Amino acid sequence: MRPIRWGALALACVVVVAAATIQPAQGQGRPGPRVIVSAYPRDFRNLDPAHIPGSPDYQIAMNVFSGLVRYKRDSVDVEPDLAERWRVSPNGRVYTFFLRRGVQFHGGYGELTSQDVKYSLERILNPATRSRYRASLSIIETIETVDPYTVRITLKAPSASFLAGALAFRPGYIVSQKAVEQLGDRFTFAPIGSGPFRFVSYTPRQELVLEAFPRYFRGAPQVRRVVWKVVPEESVAGLALQKGEINHMIVRDPQVYRQLQRDPNIGMTATPTTGWWEFTMNTRRRPLDDVRVRRALAHTVDRDTFTRTVLEGLGSPAYSVIPPGMIGHTDDVEKYPRNVQRARQLLAEAGYPSGFRINVVYEPSEYAELIATALQQWFREAGVDLQLVRLEAGAWTARRQSGDYDITISGTTRFDPDQFLTEQFHSESFPPGGNQSYYGAIDHLIEAQRTAINARERARILVEIQKKVALDVPFVPLFNPVYVTAYSKNQKGHAANTAHWMTRFEFVTFE
Amino acid sequence: MRYLVHRLLVTIPTVLGVITLAFVLIHIAPGDPAELVLGDYIGVTPEVLAEVRERLGVDRPLGVQYVTYVSRVARGDLGRSFRTNQLVLAEIAGQAPFTVLLTLAGVLVAVFVGVPAGIVAAVRRNTPADYATMTVAMVWLSSPSFWFGILLIYVFAYRLGWFPVFGAGTWGDWRSLALHLVLPAAAIGVRSAALIARMTRSALLEVLGQDYVRTARAKGLADAAVLLRHALRNAAIPVLTIVGLDIAYLLGGAVVTETVFSRPGLGKLVVDAIYARDYPMVQGAIMVFAVSILLVNLLVDLSYAVVDPRVRYA
Amino acid sequence: MWTLASATREPDPARSRAPRRGVGRSLRTLWRRRSAAAGAVVVAVAVLSALFAPWIAPADPTQQRLLERLRPPALGPHPLGTDNFGRDLLSRLVYGARVSLLVGVVSVAIAAVFGAAMGLLGGYYGGGLDTLLMRVVDVLMAFPLILLAIAIVAVLGGGLVNLMLAVGISSIPPFARLVRGEVLTQRGRDYVEAARALGAGGGRVMGRHILPNTLSPLVVLSTLRVSTVILTESSLSFLGLGVTPPTPTWGNMVADGTKFLQTAPWISIVPGIAIMITVLAFNLFGDGLRDALDPRLKGDIGLPAGAAMGGGRR
């Protein structure tokens, strides 16, 4: 046995030394030429524009479908997509869209006409579809197909966000009427659109495949094929990217970002998002009903250090309810710079010189736990004892909707103020709705900005909203996340678009 | 044969008990499945919620729900997933093969690493080889499996590049499946391997000291023959026992392993279902787990009779 | 002698045959004693650091110093380095011992108390009660431990107490079976007959005569199970179900640290080693206890030796 034993020992040493020094092997399982293999932590649920639940599905939809208008490549402004041009009536209520000719649907479902546009939008408005986006299109009164290439949409009232907030977004994607009627329920995972990529296959919990659509009206994209793999752990996806098994991913974990930064073979595009993470205070609970207490807590927050260190720079400090990049944003609001002494002062003024105990209820997704841990330390410095209550999805929803919490933590991404102001700050949305702070002081302002068709007027109202919310401080915005698209160096064309931090692969080329 | 029938009969109340326990636990967990199915957006009115609750069948009294469910299960109908509206049986059948593969691979690793290690240690007892093997075994036994798994990925998949970093491979492509199985099977099987190594060693040492073995050796039979024929037979029962007991562990370990290695499988399926309060899926998946564990235990018990003729079932 | 008894329910009267003691065996026992002693020392160190944490730890384990985060181990104020929030790892390690050991001890205590009660009652009274109790044990055994823990946490919520309950309940089966096996063996013994003839009631017989005899294997099993429980806690922390922050446990330190494997590996390696050493220590100590208390027990504590030790259920 002696020689064998020494041999085993030697082998072990070789393995250990090799592990420590050898660079990761290249070439194994690499994506083919002009093929993108990406990774995403969650599984897909529904690719139907009427029902898209969230980000992984939205990624697919934005590559498979087209709308009347779409977001420009790197901004939240809109540009023509299926509509070559459009006219708005002087009273702001009638939109006339002139469609391109010869736009083809995938799968041989024929040409896209105004009938498909009418069908797609009415489908979402139809209560029987039970679409979650019905409310965002509810401003539409009628849709007429003037001729096969002209659509006239009449609104109930002028709407400032009709184009950017509704038509360019998920409910605005046009589907093939023939396909939906034929496929019925199967449309969920057999979407037929007119975008640059067509859907090929979906293996539940594993992968989804798209292929370039050669008859796309802007020409076939250079990327031939896109494969999304479901990888729950972002750090594992990071390793796969470095090794070359995948060549594209969205990075949200600060540590994965830090690791990938050091890799010379990985290119990165940072996208500031029009999203934000914040903590919301329940203004119906003592002592949070006192605005001085809320201001005190706001004064304990150290955004700069947090974003610089814990987030490794993947976020910029946020002070206003409307994030940078969104219409109406202003930084000219009450900021509550970090000042622990002032915090203590305010608490004493409010009658709590020795602090108090409150809880924070959250679901540990993305940054929530990092924020909760930091909050605990910050509050402690002002004498406030923060208890962390971490719940998983089911319990968290129940708790949130019952209003049983002092503070909650959440993160949102939206593209237009209309998409969240009502949901989060209007008194009609008290829990079980999304207005977790029970704040009701700006109802009239929210309603006013909805109908202000003049952009400048709307911006003015939005500024007023931001100032008021910052004064009343029912919630404290913390930072606007920066998502990073990481890809192998041979790819070009990844643009930083704040409208969505996902990739539209028609713009990606290989060198 | 009577034993087999008896055991099978006994299994039924156990399975019923598991179904009941799963049913009770998931139904009293806070969280409304209707809300979780619909998600969060304007438009979720109480009427819509009530409608969905009725469609899902969760608005009826618990007792009624329970009886309905059990009678359906007896007919082979496991219901439809709240989340995807697909048949629970179909979804489980789609994911189960991966978990079965992983568990089998884990057992193979456990047996084919553990038994030889135990033999080496027993044959070379009290030498450095013995101590080294047993110490390594103890170390394996003592580390958290997800940590071990992540280390394996880092060293063997990333640094050395010998294996893929994640996934299960393409079903049907044996080479791909095997490559993707090595690291997860190692992570999950190493603990059992350590146990089996220790067990084999003890069992062998027991036997090697026995009179009849000494006699056989004195008569001149080669060491190897002695080992193989008598001693291993003795070790077979405890090894089988560990495999049986460990199946429950291995199946539970699939949950963590599937997450770490990004593999599809029943583990992730059932955990996601619990979070989503997908009652039929949770109940169905747990039942499948339980039935598998009980079946494996039954097989293990039956195999005792094969291995050791002294074992008799009344 | 390995018998079927070790694996299933019935006790085996052949247990009385004591193993031979050869030279090799004595040497092994000696090594066992040394390693058992080492194990005992480490366990003592862990327990002491848990008890005296506030005096031993150099800093507040929850105090964050964001400007000093991710420091590697070095001589100075942070000998083991700092974590993502700049908290001192040595302090967190020392305090972490508290929770990890507390979870270990309390969960095992819960399992031992309930399990022993079930085993005693079932074994002594037999009949319908026995069948019922053993069915319950079977149901618990057919439920993968992780899933049971997840389900219980979903129902009760997170936090330390619920975690201990969840893990404790899932660990009942080996204790119940062990005690029941012992009771069945003891029940037929002469002294029990004598006591009953003298008019002693069931409770008295159980409490004064049978129970003390089951204590040794119970103690050994408990010691060995603590190691399993510590590992389970770390897996649950990895899945996000453990103790809520900022309380450190070795398990959640390892779980959090896996994200930093490339940028700051010491964050998970240090507590990982702590877990390994402590679990190893409990295993060695348990082995030694078993040897010391009753060498005949080796292999016959209702579960094959080694299987009880951190194995079987996870």
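Read on for a plain summary of the structure. A quick note: this is a predicted structure, and the numbers were derived from the prediction, not measured.

### Re the pairing of strand β6 (residues 140-147) of chain A
All names here are of chain A.
Line of reasoning, step 1. The pairing of β6 with strand β7 (residues 150-155) spans six bridges and is classified as antiparallel. Residue pairing in the sheet places E144 in a bridge with R152 of β7.
Line of reasoning, step 2. Hairpin connection of β6 to β7: two residues between the antiparallel strands.

### Some remarks on the pairing of strand β16 (residues 385-390) of chain A
Residues and elements named next belong to chain A.
Line of reasoning, step 1. Across the two faces of β16 the burial differs, with L386, L388 and R390 buried and D385, Q387 and V389 not buried at all.
Line of reasoning, step 2. Bridging between strand β15 (residues 357-362) and β16 involves six bridges; their strand directions are parallel. Looking at the pairing, V360 lines up with L388 of β16.
Line of reasoning, step 3. Traced from β15 through helix α12 (residues 368-381) to β16, the parallel crossover comes out right-handed.

### A few points about the interface of chain C and chain A
Line of reasoning, step 1. Of the residues lining the interface, 24 residues belong to chain C; the matching set on chain A comes to 25 residues.
Line of reasoning, step 2. When chain C packs against chain A, close to 2,100 Å² is buried across both sides, 52% of that on carbon and sulfur atoms.
Line of reasoning, step 3. The closest approach of N and O atoms between C:R69 and A:E312, which form a salt bridge, is 3.1 Å.
Line of reasoning, step 4. Per-class residue counts for the side of chain C that touches chain A are eleven nonpolar, nine polar and four charged.

### A word on the packing of helix α5 (residues 88-123) of chain B against helix α11 (residues 266-275) of chain B
Between two packed helices, the angle of one axis relative to the other and the distance separating the axes together describe the packing.
Residues and elements named next belong to chain B.
Line of reasoning, step 1. Where α5 meets α11, the closest approach of the two axes is 8 Å, and the angle between their N-to-C directions is 135°. As the angle between them shows, α5 and α11 are arranged oblique. Contacts between α5 and α11 involve E91, I92, Q95, A96 and T99 on the former and, on the latter, L266, G267 and L269.
Line of reasoning, step 2. Grouping the constituent residues of the contact of α5 with α11 by class yields four nonpolar, three polar and one charged.

### A closer look at the sheet that holds β6(A)
All names here are of chain A.
Line of reasoning, step 1. Strand order in the open sheet formed by four strands is β4-β5-β7-β6, and the pairing between neighbours is antiparallel. Both edges of this open sheet fall to β4 (83-88) and β6, since each of them pairs with a single strand only. The mean angle between the axes of side-by-side strands here comes to 20°, regardless of whether they run parallel or antiparallel.
Line of reasoning, step 2. Sheet topology note: the strand β5 (residues 94-99)/β7 ladder contains five bridges and is antiparallel. Counted as the bridge partner of F98 is T150 from β7.
Line of reasoning, step 3. Of the strands in this sheet, β5, β6 and β7 are in contact with helix α3 (residues 114-125), which crosses β6 at around 165°.

### Side note on the side chain of A:R303
Residues and elements named next belong to chain A.
Line of reasoning, step 1. Structurally, the position occupied by R303 is in helix α10 (residues 303-308).
Line of reasoning, step 2. Of the side chains with opposite charge, D304 lies nearest to the buried R303, which makes no salt bridge, at 7.8 Å.
Line of reasoning, step 3. Here the side chain of R303 touches A318 through a polar contact of 2.8 Å, landing on its backbone oxygen.
Line of reasoning, step 4. A distance of 2.8 Å separates a polar side-chain atom of R303 from the backbone oxygen of P477.
Line of reasoning, step 5. Every residue in contact with R303, bar those within four places of it in the chain, is listed here: P317, A318, Y319, K335, Y336, V476, P477 and L478.

### Topic: the environment of A:T150
All names here are of chain A.
Line of reasoning, step 1. On the secondary structure map, T150 appears in strand β7.
Line of reasoning, step 2. Judged by its relative accessible area of 7%, T150 falls in the buried class.
Line of reasoning, step 3. In the structure, T150 is positioned 64 residues away from W86 in sequence and 9.5 Å away in space, judged by C-alpha atoms.
Line of reasoning, step 4. Separated by 2.9 Å, the side chains of T150 and D147 make a polar contact.

### Thoughts on the pattern of salt bridges
Line of reasoning, step 1. Counting across every chain of the model gives 38 salt bridges over all chains.
Line of reasoning, step 2. Between B:D77 and B:R72 there is a salt bridge, with its nearest N and O atoms 3.9 Å apart.
Line of reasoning, step 3. B:D77 sits in the partly exposed class, given a relative accessible area of 30%.
Line of reasoning, step 4. Among the ionic pairs, C:R180 bridges to C:D130, the shortest N-O distance being 2.8 Å. On the criterion of sequence distance, the pair formed by C:R180 in helix α8 (residues 172-187) and C:D130 in helix α5 (residues 127-142) is long-range, its members being 50 residues apart. Both residues of the pair, C:R180 and C:D130, count as buried.
Line of reasoning, step 5. Several salt bridges converge on common partners, so that one network encompasses A:R285, A:R399, A:D404 and A:D406.

### With respect to the environment of A:V35
All names here are of chain A.
Line of reasoning, step 1. Topologically, V35 is positioned in strand β1 (residues 35-40).
Line of reasoning, step 2. Put simply, V35 and E366 are 331 residues apart on the chain and 29 Å apart in space, counted from C-alpha to C-alpha.
Line of reasoning, step 3. Contact partners of V35, with chain neighbours within four places excluded, come to R224, R225, N247 and F510.

### Observations regarding α5(B)
An α-helix turns once every 3.6 residues. As a result, residues three or four positions apart point the same way.
Line of reasoning, step 1. Taking 1.5 Å as the rise per residue, α5(B) with 36 residues should run 52 Å; its terminal C-alpha atoms sit 51 Å apart, in good agreement.
Line of reasoning, step 2. Of all bends in α5(B), the biggest is about 35°, found at B:Q95, and the proline B:P97 comes one to four residues later.

### Some remarks on the packing of aromatic side chains
All names here are of chain A.
Line of reasoning, step 1. Counting across every chain of the model gives 27 aromatic pairs over all chains.
Line of reasoning, step 2. On the numbers, 5.6 Å between centres and 70° between planes, the contact of Y58 with F169 is edge-to-face. Taken together, the residues span a long stretch of sequence, with Y58 in helix α2 (residues 55-64) and F169 in the loop between α5 (162-167) and α6 (177-183) at a distance of 111 residues. Each member of the pair, Y58 together with F169, is buried.
Line of reasoning, step 3. Here the aromatic rings of F306 and W378 are separated by 5.7 Å at their centres, their planes lie at 70°, and the arrangement is edge-to-face. Highlighted residues: F306 in helix α10 and W378 in helix α12, separated in sequence by 72 residues. For the pair F306 and W378, one class covers both residues: buried.
Line of reasoning, step 4. Members of the aromatic cluster, joined through ring pairs, are W277, F306, Y367, W378 and F479.

Parameters and conventions
- Residues numbered from 1 in each chain as written.
- Chains lettered and ligands numbered in written order.
- Predicted model: local features only at pLDDT ≥ 70, side-chain atom pairs only at ≥ 80, totals over all residues.
- Heavy atoms only, no water.
- Pairing = 2+ DSSP bridges.
- Helix = DSSP H or I, 4+ residues; strand = E, 2+ residues; numbered from the N terminus.
- Buried < 20%, exposed > 50% of the residue type's maximum accessible area, 1.4 Å probe, protein only.
- Right-handed = clockwise from strand over helix to strand, strands pointing away.
- Contact = heavy atoms within 4.5 Å.
- Buried area = accessible area lost by both parts, 1.4 Å probe.
- Salt bridge = Lys/Arg side-chain N within 4 Å of Asp/Glu carboxyl O.
- Nonpolar A, V, L, I, M, F, W, Y, C, P; charged D, E, K, R; others polar.
- Axes fitted to C-alpha atoms, helices over the stretch in contact; angles between N-to-C directions.
- Parallel < 35°, antiparallel > 145°, perpendicular 65-115°, else oblique.
- Lys, Arg positive; Asp, Glu negative; His and termini not counted.
- Polar contact = N/O pair within 3.5 Å; in protein donor to acceptor, adjacent residues only side chain to side chain.
- Expected span 1.5 Å × (residues − 1).
- Bend = angle between axes of the 7 residues up to and from the residue.
- Phe/Tyr/Trp six-rings, centres within 6.5 Å; stacked < 30°, edge-to-face > 60°.

Take it as geometry only, folks, not as evidence of what the structure does.
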